[in-house]
Amino acid sequence: MKSRDLTVDVNEYLLGTLPEMRVAGATGDLHDVFGREFELALYDRDQLKGHDICSDFFGRVGVELGPFENPSDVNASANAIEIEVLRHFNRLIEHGLWSRRNSRGFLRFAKKGRVEGPPIGRFVRQEVEEAVRRRADEEVAEIKARFFPDLGRPLFKRPATTDRLSLDDFNESKLLRAIVGSMLSVVHPGKQEAKAKTP
């Protein structure tokens with residue numbers, strides 16, 4: 001989505017990325033190149049220095065940090081409305097009816113206007129999620145066998161399965177109404193209230 005190339009349904013996209021999921025292979029490549037200079041560590045907040053990933057990382061490379069606090073929205077995941085709107089916009093780019101710059105503008109607007117929606121994961125079909133998890137489990141098992149053979153627990157907790165929703169709720173007309181409504185409430189908050197009072 002961030003590369004503005006997502007034009008297909010999220011389920012099609014995830015299935016298309018399965019061959020590219022080679023976390024274990026990429027990790028092994030780094031280790032082969034850098035040897036002992038490459039250290040693989042588990043993200044376990046209880047084990048991190050200061051219970052903070054930044055403090056832990058800089059501590060490993062010998063740099064002492066003072067108190068460090070991440071902004072609450074750092075690397076926040078895009079929600080379903082943002083992703084689906086951009087998916088429709090991105091399909092227009094090849095026809096010259098939209099631009100990547102406009103997509104970036106929309107993302108800035110969505111953040112500023114707090115366009116909210118459910119997580120995109122709720123729209124992933126069960127069979128697609130199972131295929132992704134099978135592929136991920138293979139990669140994780142390979143990493144565990146190579147780098148953490150004595151660890152007596154799984155590397156990761158599997159995320160809970162959420163209730164599933166249909167992407168039919170995000171067709172172009174509904175999306176357009178949602179976005180225009182959000183824009184009105186941000187740009188003209190008084191007009192939105194006045195309209196709501198009109199019988």
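Residues numbered from 1 in each chain as written. Predicted model: local features only at pLDDT ≥ 70, side-chain atom pairs only at ≥ 80, totals over all residues. Heavy atoms only, no water.

K.L.:
How do you make sense of the overall build of the protein when you look at a structure like this?
P.N.:
A tally of helices and strands in the protein yields 8 helices and 0 strands. Buried positions account for 26% of the 199 residues belonging to the protein. Here the analysis covers contacts within the protein between residues at least 6 apart in sequence; of these, 71% occur between residues at least 24 apart. For the protein, the exposed area adds up to about 14200 Å²; of that, 55% sits on carbon and sulfur atoms. (Helix = DSSP H or I, 4+ residues; strand = E, 2+ residues; numbered from the N terminus. Buried < 20%, exposed > 50% of the residue type's maximum accessible area, 1.4 Å probe, protein only. Contact = heavy atoms within 4.5 Å. Areas by Shrake-Rupley, 256 points an atom, 1.4 Å probe, with all protein chains shown as cover.)

K.L.:
Explain a nonpolar patch on the surface to me, please; I cannot follow it from the model alone.
P.N.:
Where nonpolar side chains cluster on the molecular surface, the patch consists of Phe57, Phe58, Val61, Val63 and Leu65 and spans about 410 Å² of accessible area. Judged by relative accessible area, Phe58 falls into the partly exposed class, the value being 31%. (Patch = residues over 30% accessible without salt bridge, like charges linked within 9 Å, V, L, I, M, F, W, Y side chains within 5 Å. Salt bridge = Lys/Arg side-chain N within 4 Å of Asp/Glu carboxyl O.)

K.L.:
Help me understand the packing of aromatic side chains, please; the structure alone is not making it clear to me.
P.N.:
The way to describe two aromatic rings as a pair is by their centre distance and the angle between their planes. In this structure the tally under the stated criterion is 4 aromatic pairs. Ring geometry for Phe57 versus Phe58: centroids 5.4 Å apart, planes at 75°, classification edge-to-face. Between Phe106 and Phe109, the aromatic rings sit 6.4 Å apart at their centres with planes inclined by 45°, giving tilted as the arrangement. Here Phe106 pairs with Phe109, and both are found in helix 5 (residues 100-112), just 3 residues apart, close to one helical turn. Grouping residues by exposure puts Phe106 and Phe109 together as buried. (Phe/Tyr/Trp six-rings, centres within 6.5 Å; stacked < 30°, edge-to-face > 60°.)

K.L.:
When you look at the packing of helix 4 (residues 80-93) against helix 5 in this model, what are you seeing that I'm missing?
P.N.:
Two measures define how a pair of helices packs: the angle their axes make with one another and the distance between the axes. In contact at an axis separation of 10 Å, helix 4 and helix 5 are set at 165° when each is read in the N-to-C sense. As far as their axial angle goes, helix 5 and helix 4 are roughly antiparallel. Handedness of the helix 4/helix 5 crossing: right-handed. Of the residues in helix 5, those in contact with Glu82, Val85, Leu86, Phe89, Asn90 and Ile93 of helix 4 are Arg100, Ser103, Phe106, Leu107 and Ala110. (Axes fitted to C-alpha atoms, helices over the stretch in contact; angles between N-to-C directions. Parallel < 35°, antiparallel > 145°, perpendicular 65-115°, else oblique. Left-handed = near helix turned anticlockwise from the far one by under 90°.)

K.L.:
How should the confidence of the model for the protein be read in this particular structure?
P.N.:
One rule of thumb: low pLDDT means the predicted coordinates there are not for detailed reading. Chain-level statistics for the protein give a pLDDT mean of 80 and a share of 81% at 70 or above. Across the protein, element-level confidence peaks in helix 6 (residues 126-147) with a mean pLDDT of 92 and bottoms out in helix 8 (residues 189-197) with 46. pLDDT under 50 marks residues 191-199. Its contacts with residues more than four places away, or in other chains, come to 3 contacts. (pLDDT = per-residue confidence, 0-100.)

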